[in-house]
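Each chain is listed here by its residues.
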Amino acid sequence: MRKFEAFENPRIVELSDGVYGASFFLMKLLPARFMLERAVEQGLLKPGATICESSSGNSALALAMLAVQHGYKLILVSDWTLDRHLHRRLLGLGAHVEIVDEPAPTGGFQQARLDRLGVLLKEIPNSYWPAHYSNADNPIAYAKFAELLIDRVGEIDCLVGSVGSGGSICGTSKYLRILFPELHAVGVDAPGSVLFGQRSGRLRLYGTNIVPSNLDHRHFDEIHWLTRAEAFYAAHQLHRDHGLFLGPTSGAASELPIGGHTETQARRWSRSFPTRGIGTSKLCTTKTGSSRFQDSLRRCTQSQ
(Lines give C-alpha, C1' and ligand atoms only; values in the text may rest on other atoms or scores of the structure.)
Protein backbone atom coordinates (compact mmCIF):
# COMPACT_ATOMS: atom_id res chain seq x y z
CA MET A 1 0.00 0.00 0.00
CA ARG A 2 2.86 2.37 -0.75
CA LYS A 3 1.28 4.27 -3.65
CA PHE A 4 0.75 7.37 -1.50
CA GLU A 5 3.90 6.98 0.58
CA ALA A 6 5.35 10.20 -0.86
CA PHE A 7 2.41 12.08 0.68
CA GLU A 8 3.12 10.70 4.18
CA ASN A 9 6.26 12.74 4.77
CA PRO A 10 5.86 16.36 5.87
CA ARG A 11 7.73 19.44 4.74
CA ILE A 12 9.96 20.67 7.55
CA VAL A 13 9.74 24.47 7.69
CA GLU A 14 11.86 26.71 9.94
CA LEU A 15 9.31 29.19 11.30
CA SER A 16 11.87 31.20 13.24
CA ASP A 17 15.30 30.62 14.74
CA GLY A 18 15.16 27.16 16.29
CA VAL A 19 11.38 26.73 15.79
CA TYR A 20 10.39 24.18 13.13
CA GLY A 21 7.01 23.11 11.79
CA ALA A 22 6.26 19.75 10.20
CA SER A 23 3.61 20.49 7.56
CA PHE A 24 1.77 17.37 6.39
CA PHE A 25 -0.30 16.94 3.25
CA LEU A 26 -2.38 14.47 5.29
CA MET A 27 -0.77 13.12 8.45
CA LYS A 28 -3.30 10.30 8.88
CA LEU A 29 -2.11 8.60 5.70
CA LEU A 30 0.92 7.34 7.62
CA PRO A 31 -0.90 5.48 10.44
CA ALA A 32 -3.79 4.43 8.17
CA ARG A 33 -1.47 2.79 5.68
CA PHE A 34 0.57 1.13 8.43
CA MET A 35 -2.52 -0.21 10.24
CA LEU A 36 -4.03 -1.62 7.05
CA GLU A 37 -0.73 -3.23 5.99
CA ARG A 38 -0.40 -4.87 9.39
CA ALA A 39 -4.01 -6.08 9.21
CA VAL A 40 -3.33 -7.69 5.82
CA GLU A 41 -0.18 -9.36 7.17
CA GLN A 42 -2.10 -10.73 10.15
CA GLY A 43 -5.00 -11.99 8.02
CA LEU A 44 -7.49 -9.56 9.57
CA LEU A 45 -8.15 -7.67 6.35
CA LYS A 46 -9.14 -9.88 3.42
CA PRO A 47 -9.11 -8.90 -0.28
CA GLY A 48 -12.29 -7.03 -1.20
CA ALA A 49 -13.38 -6.74 2.45
CA THR A 50 -15.36 -3.88 3.96
CA ILE A 51 -13.45 -1.46 6.19
CA CYS A 52 -15.64 0.19 8.84
CA GLU A 53 -14.47 3.14 10.93
CA SER A 54 -15.75 6.05 13.01
CA SER A 55 -14.29 9.39 11.95
CA SER A 56 -15.27 12.96 11.15
CA GLY A 57 -11.89 14.14 9.90
CA ASN A 58 -8.61 13.22 8.32
CA SER A 59 -8.61 9.56 9.31
CA ALA A 60 -11.73 9.19 7.19
CA LEU A 61 -10.05 10.81 4.20
CA ALA A 62 -6.88 8.73 4.55
CA LEU A 63 -8.89 5.49 4.70
CA ALA A 64 -11.00 6.53 1.71
CA MET A 65 -7.90 7.27 -0.38
CA LEU A 66 -6.35 3.91 0.49
CA ALA A 67 -9.55 1.84 0.20
CA VAL A 68 -10.40 2.96 -3.32
CA GLN A 69 -6.84 2.30 -4.51
CA HIS A 70 -6.73 -1.24 -3.13
CA GLY A 71 -10.21 -2.54 -3.84
CA TYR A 72 -11.79 -2.32 -0.38
CA LYS A 73 -15.29 -1.11 0.43
CA LEU A 74 -15.42 1.60 3.10
CA ILE A 75 -18.19 2.57 5.51
CA LEU A 76 -17.60 5.63 7.68
CA VAL A 77 -19.75 6.59 10.67
CA SER A 78 -19.70 10.30 11.44
CA ASP A 79 -21.83 13.11 12.91
CA TRP A 80 -22.68 16.80 12.44
CA THR A 81 -19.06 17.87 12.77
CA LEU A 82 -18.22 16.34 9.39
CA ASP A 83 -17.33 19.23 7.08
CA ARG A 84 -19.61 19.31 4.01
CA HIS A 85 -16.67 19.68 1.61
CA LEU A 86 -14.95 16.68 3.17
CA HIS A 87 -18.26 14.78 3.04
CA ARG A 88 -18.49 15.31 -0.73
CA ARG A 89 -14.88 14.31 -1.17
CA LEU A 90 -15.42 11.06 0.74
CA LEU A 91 -18.44 10.23 -1.40
CA GLY A 92 -16.42 10.97 -4.51
CA LEU A 93 -13.85 8.40 -3.35
CA GLY A 94 -16.57 5.77 -3.12
CA ALA A 95 -17.02 5.72 0.66
CA HIS A 96 -20.45 5.16 2.21
CA VAL A 97 -20.98 7.73 4.99
CA GLU A 98 -23.52 7.30 7.80
CA ILE A 99 -24.39 10.31 9.96
CA VAL A 100 -25.38 9.77 13.60
CA ASP A 101 -28.07 12.28 14.66
CA GLU A 102 -28.23 11.85 18.43
CA PRO A 103 -25.42 11.73 21.03
CA ALA A 104 -25.12 8.83 23.45
CA PRO A 105 -26.04 9.58 27.10
CA THR A 106 -22.38 9.09 28.02
CA GLY A 107 -19.58 9.80 25.56
CA GLY A 108 -21.57 12.13 23.30
CA PHE A 109 -21.55 11.73 19.53
CA GLN A 110 -18.30 9.79 19.50
CA GLN A 111 -19.81 7.03 21.64
CA ALA A 112 -22.96 7.09 19.50
CA ARG A 113 -20.78 6.60 16.42
CA LEU A 114 -19.00 3.68 18.06
CA ASP A 115 -22.33 2.12 19.01
CA ARG A 116 -23.51 2.30 15.39
CA LEU A 117 -20.16 0.98 14.22
CA GLY A 118 -20.56 -2.06 16.45
CA VAL A 119 -23.88 -2.85 14.79
CA LEU A 120 -22.34 -2.58 11.31
CA LEU A 121 -19.44 -4.86 12.19
CA LYS A 122 -21.90 -7.54 13.33
CA GLU A 123 -24.11 -7.18 10.27
CA ILE A 124 -21.44 -7.05 7.54
CA PRO A 125 -19.54 -10.27 6.82
CA ASN A 126 -15.81 -10.02 6.30
CA SER A 127 -15.66 -6.52 7.78
CA TYR A 128 -12.61 -4.99 9.43
CA TRP A 129 -12.35 -2.16 11.99
CA PRO A 130 -8.97 -0.33 12.07
CA ALA A 131 -9.90 1.12 15.50
CA HIS A 132 -7.44 4.00 15.23
CA TYR A 133 -8.20 5.15 18.78
CA SER A 134 -7.03 1.85 20.28
CA ASN A 135 -4.92 0.19 17.60
CA ALA A 136 -1.34 -0.05 18.90
CA ASP A 137 -0.05 0.20 15.32
CA ASN A 138 -1.24 3.82 15.22
CA PRO A 139 1.50 5.26 17.51
CA ILE A 140 4.08 2.76 16.21
CA ALA A 141 3.65 4.23 12.72
CA TYR A 142 5.10 7.53 13.92
CA ALA A 143 8.55 6.01 14.38
CA LYS A 144 9.01 6.95 10.71
CA PHE A 145 8.11 10.58 11.46
CA ALA A 146 10.46 10.69 14.45
CA GLU A 147 13.29 9.39 12.26
CA LEU A 148 12.59 12.08 9.67
CA LEU A 149 12.61 14.83 12.32
CA ILE A 150 15.97 13.67 13.63
CA ASP A 151 17.36 13.54 10.11
CA ARG A 152 16.11 17.03 9.13
CA VAL A 153 16.29 18.94 12.41
CA GLY A 154 18.80 17.13 14.58
CA GLU A 155 18.47 17.33 18.35
CA ILE A 156 14.96 18.33 19.46
CA ASP A 157 14.26 19.83 22.86
CA CYS A 158 10.50 20.32 22.67
CA LEU A 159 7.70 18.68 20.66
CA VAL A 160 4.29 20.37 20.33
CA GLY A 161 1.16 18.81 18.83
CA SER A 162 -2.62 18.85 19.02
CA VAL A 163 -4.11 15.69 20.56
CA GLY A 164 -6.91 13.50 19.20
CA SER A 165 -6.42 9.74 19.16
CA GLY A 166 -3.10 10.19 20.95
CA GLY A 167 -1.24 8.27 18.27
CA SER A 168 0.83 11.04 16.71
CA ILE A 169 2.33 12.86 19.67
CA CYS A 170 2.57 9.80 21.93
CA GLY A 171 4.24 7.75 19.21
CA THR A 172 6.56 10.53 18.04
CA SER A 173 7.68 11.54 21.53
CA LYS A 174 8.25 7.89 22.51
CA TYR A 175 10.70 7.34 19.66
CA LEU A 176 12.35 10.76 19.94
CA ARG A 177 13.08 10.08 23.61
CA ILE A 178 15.18 7.07 22.65
CA LEU A 179 17.83 9.58 21.54
CA PHE A 180 16.66 12.65 23.47
CA PRO A 181 15.45 11.46 26.89
CA GLU A 182 15.03 15.06 28.15
CA LEU A 183 12.52 15.91 25.39
CA HIS A 184 9.68 18.16 26.62
CA ALA A 185 6.36 17.12 25.02
CA VAL A 186 3.47 19.59 24.96
CA GLY A 187 -0.08 18.61 24.05
CA VAL A 188 -2.76 21.03 22.81
CA ASP A 189 -6.38 20.20 23.56
CA ALA A 190 -9.78 21.89 23.23
CA PRO A 191 -12.01 23.18 26.04
CA GLY A 192 -14.73 20.62 26.64
CA SER A 193 -12.49 17.71 25.67
CA VAL A 194 -12.13 14.91 28.22
CA LEU A 195 -8.62 13.86 27.16
CA PHE A 196 -6.90 15.46 30.14
CA GLY A 197 -9.57 15.49 32.82
CA GLN A 198 -11.99 18.20 31.74
CA ARG A 199 -15.75 17.75 31.89
CA SER A 200 -17.24 16.72 28.54
CA GLY A 201 -18.73 19.55 26.48
CA ARG A 202 -19.78 20.50 22.96
CA LEU A 203 -16.83 20.02 20.61
CA ARG A 204 -15.87 20.80 17.05
CA LEU A 205 -12.70 20.25 15.02
CA TYR A 206 -10.44 18.79 17.71
CA GLY A 207 -10.63 17.28 21.16
CA THR A 208 -12.83 14.33 22.07
CA ASN A 209 -15.61 13.11 24.36
CA ILE A 210 -13.91 9.78 25.05
CA VAL A 211 -10.42 8.91 26.26
CA PRO A 212 -8.77 6.64 23.66
CA SER A 213 -6.51 3.86 24.86
CA ASN A 214 -3.73 5.12 22.56
CA LEU A 215 -3.51 8.27 24.70
CA ASP A 216 -0.71 7.69 27.22
CA HIS A 217 -0.53 10.61 29.65
CA ARG A 218 2.99 9.63 30.65
CA HIS A 219 4.28 11.05 27.36
CA PHE A 220 3.17 14.61 28.18
CA ASP A 221 5.03 17.20 30.23
CA GLU A 222 2.61 20.06 29.67
CA ILE A 223 -0.93 20.63 28.33
CA HIS A 224 -2.48 23.79 26.87
CA TRP A 225 -6.15 24.37 25.96
CA LEU A 226 -7.11 26.50 22.97
CA THR A 227 -10.61 27.42 21.85
CA ARG A 228 -11.92 26.97 18.32
CA ALA A 229 -11.53 30.70 17.60
CA GLU A 230 -7.96 30.71 18.84
CA ALA A 231 -7.08 27.70 16.70
CA PHE A 232 -8.56 29.33 13.59
CA TYR A 233 -6.76 32.59 14.27
CA ALA A 234 -3.44 30.81 14.66
CA ALA A 235 -4.06 28.96 11.37
CA HIS A 236 -4.66 32.33 9.71
CA GLN A 237 -1.37 33.61 11.14
CA LEU A 238 0.51 30.61 9.74
CA HIS A 239 -0.94 31.35 6.30
CA ARG A 240 -0.16 35.06 6.47
CA ASP A 241 3.31 34.86 7.99
CA HIS A 242 4.68 31.63 6.49
CA GLY A 243 2.51 30.78 3.47
CA LEU A 244 1.34 27.58 5.17
CA PHE A 245 -2.32 26.95 4.29
CA LEU A 246 -3.28 24.64 7.14
CA GLY A 247 -6.28 23.54 9.17
CA PRO A 248 -7.29 24.59 12.70
CA THR A 249 -5.68 21.60 14.42
CA SER A 250 -2.40 22.74 12.85
CA GLY A 251 -3.12 26.27 14.01
CA ALA A 252 -3.60 24.95 17.53
CA ALA A 253 -0.20 23.29 17.41
CA SER A 254 1.44 26.49 16.20
CA GLU A 255 0.40 28.50 19.25
CA LEU A 256 2.04 27.80 22.59
CA PRO A 257 1.86 30.42 25.33
CA ILE A 258 5.03 30.32 27.44
CA GLY A 259 4.47 30.83 31.10
CA GLY A 260 8.10 31.56 31.92
CA HIS A 261 8.73 27.97 32.94
CA THR A 262 12.38 26.99 32.65
CA GLU A 263 11.39 23.53 31.44
CA THR A 264 9.85 25.01 28.27
CA GLN A 265 12.77 27.31 27.47
CA ALA A 266 14.02 24.89 24.87
CA ARG A 267 16.67 25.61 22.27
CA ARG A 268 15.00 23.72 19.43
CA TRP A 269 11.27 23.21 18.96
CA SER A 270 9.31 20.98 16.62
CA ARG A 271 5.62 21.56 15.99
CA SER A 272 3.46 18.98 14.25
CA PHE A 273 0.97 20.39 11.72
CA PRO A 274 -1.33 17.48 10.77
CA THR A 275 -3.80 19.15 8.39
CA ARG A 276 -3.98 21.35 5.32
CA GLY A 277 -6.70 23.96 4.93
CA ILE A 278 -8.82 21.73 2.68
CA GLY A 279 -12.42 21.59 3.88
CA THR A 280 -12.00 24.55 6.24
CA SER A 281 -10.47 27.03 3.80
CA LYS A 282 -13.05 29.77 4.31
CA LEU A 283 -12.59 29.75 8.07
CA CYS A 284 -8.83 29.31 8.00
CA THR A 285 -8.33 32.45 5.91
CA THR A 286 -10.61 34.61 8.04
CA LYS A 287 -9.32 36.58 11.01
CA THR A 288 -11.14 35.19 14.02
CA GLY A 289 -9.96 34.87 17.58
CA SER A 290 -8.00 36.81 20.13
CA SER A 291 -5.36 39.41 19.21
CA ARG A 292 -3.05 38.01 21.88
CA PHE A 293 -1.99 35.33 19.41
CA GLN A 294 -0.44 37.80 16.94
CA ASP A 295 3.03 37.53 18.44
CA SER A 296 2.88 33.88 19.49
CA LEU A 297 5.73 32.55 17.37
CA ARG A 298 7.89 35.58 18.21
CA ARG A 299 7.33 35.04 21.94
CA CYS A 300 8.23 31.37 21.64
CA THR A 301 11.55 32.31 20.09
CA GLN A 302 12.27 35.05 22.62
CA SER A 303 11.73 32.62 25.49
CA GLN A 304 14.50 30.29 24.32
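The preceding data block contains the structure.
Predicted model only: the values in this text are computed from it and were never measured.

Chemist: A description of the packing of helix 7 (residues 143-153) against helix 8 (residues 167-179) should follow, citing residues and the corresponding values.
Modeler: Axis angle and axis distance: for two packed helices, these are the angle between their axes and the distance between the axes, and together they describe the pair. As a packed pair, helix 7 and helix 8 sit with axes 8 Å apart at the nearest point and diverge in direction by 45 degrees. On the basis of their axis angle, the class for helix 7 and helix 8 is oblique. Here helix 7 and helix 8 pass one another in a crossing that is right-handed. Packed against helix 7, whose contacting residues are Ala143, Phe145, Ala146, Leu149 and Ile150, the element helix 8 presents Thr172, Tyr175, Leu176 and Leu179 at the interface. Its residues assigned to classes, the contact of helix 7 with helix 8 shows eight nonpolar, one polar and no charged.

Chemist: Before we move on, could you go through unusual backbone geometry and cite the residues and values that matter?
Modeler: One non-glycine residue, Asn126, adopts positive backbone phi at about 60 degrees. Within the element layout of this structure, Asn126 appears in the loop between helix 5 (108-123) and strand 6 (127-128). Among the residues examined, Asn126 registers a relative accessible area of 42% and is labelled partly exposed. The backbone of Ala131 sits at a positive phi, close to 50 degrees, despite the residue not being glycine.

Chemist: Describe the sheet that holds strand 5 (residues 96-99), listing the residues and the values that go with them.
Modeler: Picture the strands of a sheet paired through backbone hydrogen bonds; they go either parallel or antiparallel. The strand order across the open sheet formed by four strands is 5-4-3-6, and the pairing between neighbours is parallel. Every interior strand has two partners, whereas the edge strands, strand 5 and strand 6, have only one. Of the strands in this sheet, strand 3 (50-54) and strand 4 (73-78) are in contact with helix 3 (residues 58-70), which crosses strand 4 at around 170 degrees.

Chemist: Describe helix 5, naming the residues involved and giving the relevant values.
Modeler: Across its 16 residues, helix 5 extends 23 Å between first and last C-alpha, which sits within 8% of the 22 Å expected from 1.5 Å per residue. Where helix 5 is concerned, the buried positions are Gly108, Phe109, Gln110, Ala112, Arg113, Leu117 and Leu120. Considering only its buried residues, helix 5 is in contact with strand 3, strand 4 and strand 5.

Chemist: Please give an account of the pattern of salt bridges that cites residues and values.
Modeler: With the rule as written, the count across this model stands at eight salt bridges. Two residues, Lys144 and Glu8, come together in a salt bridge whose shortest N-O distance is 2.8 Å. Of this pair, Lys144 sits in helix 7 while Glu8 sits in helix 1 (residues 5-8); the two residues are 136 residues apart in sequence, bridging distant segments of the chain. For Asp216, the salt bridge identified is with Arg218, shortest N-O distance 2.7 Å. Where salt bridges share partners, they join Glu8, Arg33, Glu37 and Lys144 into one cluster.

Chemist: Would you mind going over the pairing of strand 3 in detail, with residue names and values included?
Modeler: Counted residue by residue, strand 3 has five buried out of five residues, so it is predominantly covered. Residues Thr50, Cys52 and Ser54 point to one face of strand 3 and Ile51 and Glu53 to the other, with burial holding for every one of them. Pairing analysis gives five bridges linking strand 3 to strand 4, with the strands arranged parallel. Bridge pairing in strand 4 links Cys52 to Ile75. Handedness of the crossover joining strand 3 and strand 4 through helix 3: right-handed.

Chemist: Outline the nonpolar core, listing residues and values.
Modeler: By size, the foremost hydrophobic cluster in this structure holds 26 residues, and its most contacted members are Leu29, Leu36, Leu45, Ile51, Leu74 and Leu90. Looking at this core, the elements that each hand over two or more residues are helix 2 (29-41), helix 3, strand 4 and helix 4 (84-92). For this core, the leading source of residues is helix 3, giving eight residues. Counting 23 residues, the second-largest nonpolar core is a separate cluster that includes Met27, Ile169, Phe180 and Leu183.

Chemist: Mind laying out the pairing of strand 8 (residues 184-189), listing which residues take part and the relevant values?
Modeler: Among the six residues in strand 8, six count as buried, and that is most of the element. Here strand 8 shows a buried face lined by His184, Val186 and Val188 and a second buried face lined by Ala185, Gly187 and Asp189. With helix 8 bridging strand 7 (residues 158-162) and the parallel strand 8, this β-α-β connection has right-handed handedness. Where strand 8 meets strand 9 (residues 222-225), four bridges bridge the pair, whose relative direction is parallel. Paired with Gly187 across the bridge in strand 9 is Ile223.

Chemist: Describe the environment of Leu15, listing the residues and the values that go with them.
Modeler: The topology assignment puts Leu15 in strand 1 (residues 11-16). On the accessibility criterion, Leu15 (9% relative accessible area) is buried. The spatial distance from the C-alpha of Leu15 to the C-alpha of Asp241 is 8.9 Å, given a sequence separation of 226 residues.

Definitions and cut-offs
- Residue indices begin from 1 for each chain and proceed along its sequence in written order.
- In view of the model being predicted, local features appear only for residues whose pLDDT reaches at least 70, and side-chain atom pairs are presented and counted only at 80 or more, with totals across whole chains, interfaces and linings using the full set of residues.
- Hydrogens and waters are ignored; side-chain quantities use all the structure's heavy atoms.
- Axis definition: a line fitted to C-alpha atoms, limited for helices to the stretch in contact. Angles are taken between N-to-C directions and run from 0 to 180 degrees.
- Helix and strand definitions follow DSSP, with helices as H or I runs of at least four residues and strands as E runs of at least two, each counted in order from the N terminus.
- To sort the angles, those under 35 degrees are grouped as roughly parallel, those over 145 as roughly antiparallel, those from 65 to 115 as roughly perpendicular, and the leftovers as oblique.
- A clockwise turn of the near helix away from the far one marks a right-handed crossing, whereas an anticlockwise turn of less than a right angle marks a left-handed crossing.
- Residue contacts are defined here by distance: any two heavy atoms, one from each residue, within 4.5 Å place the two residues in contact.
- We call Asp, Glu, Lys and Arg charged. Ala, Val, Leu, Ile, Met, Phe, Trp, Tyr, Cys and Pro are nonpolar, and the rest, Gly among them, are polar.
- A 1.4 Å probe rolled over the protein chains alone gives each residue an accessible area, and that area as a share of the maximum for its type sets the label: buried under 20%, exposed over 50%, partly exposed in between.
- The pairing criterion for strands is at least two bridges between them, as found by DSSP.
- What a helix is expected to span follows from its residue count: subtract one and scale by 1.5 Å.
- A pair is scored as a salt bridge if a Lys or Arg side-chain nitrogen falls within 4 Å of a carboxyl oxygen belonging to Asp or Glu.
- A clockwise course of the path from the first strand over the helix to the second, judged with the strands pointing away from the viewer, identifies a crossover as right-handed.
- To define a nonpolar core, start from buried Ala, Val, Leu, Ile, Met, Phe, Trp, Tyr and Cys residues and group those joined through side-chain atoms within 4.5 Å.

Treat this as a map of the structure, not an account of what it does.
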